[in-house]
Amino acid sequence: MRTLLHIPRLALIAVALIAQPAGRTAHGREIQDLNADRDAFTPTTLTVEPGHALIETAYTFIDNREGPETHSFPELLLRKGLTKRLELRLGANQEIGSGGSVVTAIETGEGMGEEVSAETTLFYGLKAQLSDQ
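(A) Broad picture of the overall build of the chain. Of the regular secondary structure elements, the chain holds 2 helices and 5 strands. Starting at the N terminus, the α and β elements of the chain follow one another as α-β-β-β-β-α-β. Considering the chain as a whole, with its 133 residues, one finds that 25% of them fall into the buried category. By sequence separation, contacts in the chain at least 24 residues apart represent 50% of the contacts at least 6 residues apart. Counting every atom, the chain has about 9,700 Å² of accessible surface; 63% of that belongs to carbon and sulfur.

This is how it looks when you write it as structure tokens:
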């Protein structure tokens, strides 16, 4: 019974946090766009600011009409700003199911056939911002 009493309180807190005036946090600072760089969204042309880090993660479920369904997680991407125009990128993903994926095609490759498989991928690299847009 105690658990049920905490749910409305948590819901009120969540609504209060979401209902903050646009462009400001509770402390009066500007809210900055995180410039996420996920495959399923429009990729950003910007890099993470020097000295900052950004952790991005997702879960993708694809209900394939032909063949087994695909589960892809944690789709983890760690981005660390090295300089104004350079960032370090580390990532990991586990894909279980039919293999090919329209979501993480760059990292995992496509077309592993109809069989159910499990594939773990680790990747690393750098991203450079070549120009201001």
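(B) Summary view of the environment of L46. With respect to the helices and strands, the residue L46 is situated in the loop between helix 1 (2-18) and strand 1 (53-56). What makes L46 partly exposed here is its relative accessible area of 32%. When neighbours within four sequence positions are excluded, L46 is seen to be in contact with N35, R79, E87, K127 and Q129.

(C) Quick peek at unusual backbone geometry. Look at the link from F73 to P74: it is a cis peptide, with omega at -5 degrees. Take P74: it is sitting in strand 3 (residues 70-83). Even without being glycine, E75 reaches a positive phi, approximately 45 degrees. Mapping E75 onto the fold places it in strand 3.

(D) Quick peek at the pattern of salt bridges. Enumeration according to the criterion identifies 6 salt bridges in this entry. Among the salt bridges present, the one from E56 reaches R79, with a minimum N-O distance of 2.9 Å. Here E56 is found in strand 1, whereas its partner R79 is found in strand 3, with 23 residues between them in sequence. The class of E56 is buried, set by a relative accessible area of 6%. For D132, the salt bridge is made with R85, and the minimal N-O distance between the two is 3.1 Å. Placement of the pair is D132 in the segment after strand 5 (117-128) and R85 in the loop between strand 3 and strand 4 (86-97), with a sequence separation of 47 residues. Judged by its relative accessible area of 57%, D132 is exposed. The structure contains a network of salt bridges with shared partners spanning D37, E56, R79, E87, R89 and K127.

(E) Representation of the layout of surface pockets within the structure. Put simply, the largest pocket is a space of about 410 Å³. Contributing to the lining of the largest pocket are 15 residues, with Q32, D33, T47, V48 and E49 lying nearest its centre. Residues that form the lining of the largest pocket fall into these classes: 6 nonpolar, 5 polar and 4 charged.

What counts, and at which threshold
- Residues numbered from 1 in each chain as written.
- Predicted model: local features only at pLDDT ≥ 70, side-chain atom pairs only at ≥ 80, totals over all residues.
- Heavy atoms only, no water.
- Helix = DSSP H or I, 4+ residues; strand = E, 2+ residues; numbered from the N terminus.
- Buried < 20%, exposed > 50% of the residue type's maximum accessible area, 1.4 Å probe, protein only.
- Contact = heavy atoms within 4.5 Å.
- Areas by Shrake-Rupley, 256 points an atom, 1.4 Å probe, with all protein chains shown as cover.
- Salt bridge = Lys/Arg side-chain N within 4 Å of Asp/Glu carboxyl O.
- 1 Å grid on protein atoms, 1.4 Å probe; cavity = no way out; pocket = protein on both sides within 12 Å on 5 of 7 lines; lining within 4 Å.
- Points joined across faces, edges and corners; volume = space filled by probe spheres on them.
- Nonpolar A, V, L, I, M, F, W, Y, C, P; charged D, E, K, R; others polar.

That's the geometry; what it means functionally is another story.
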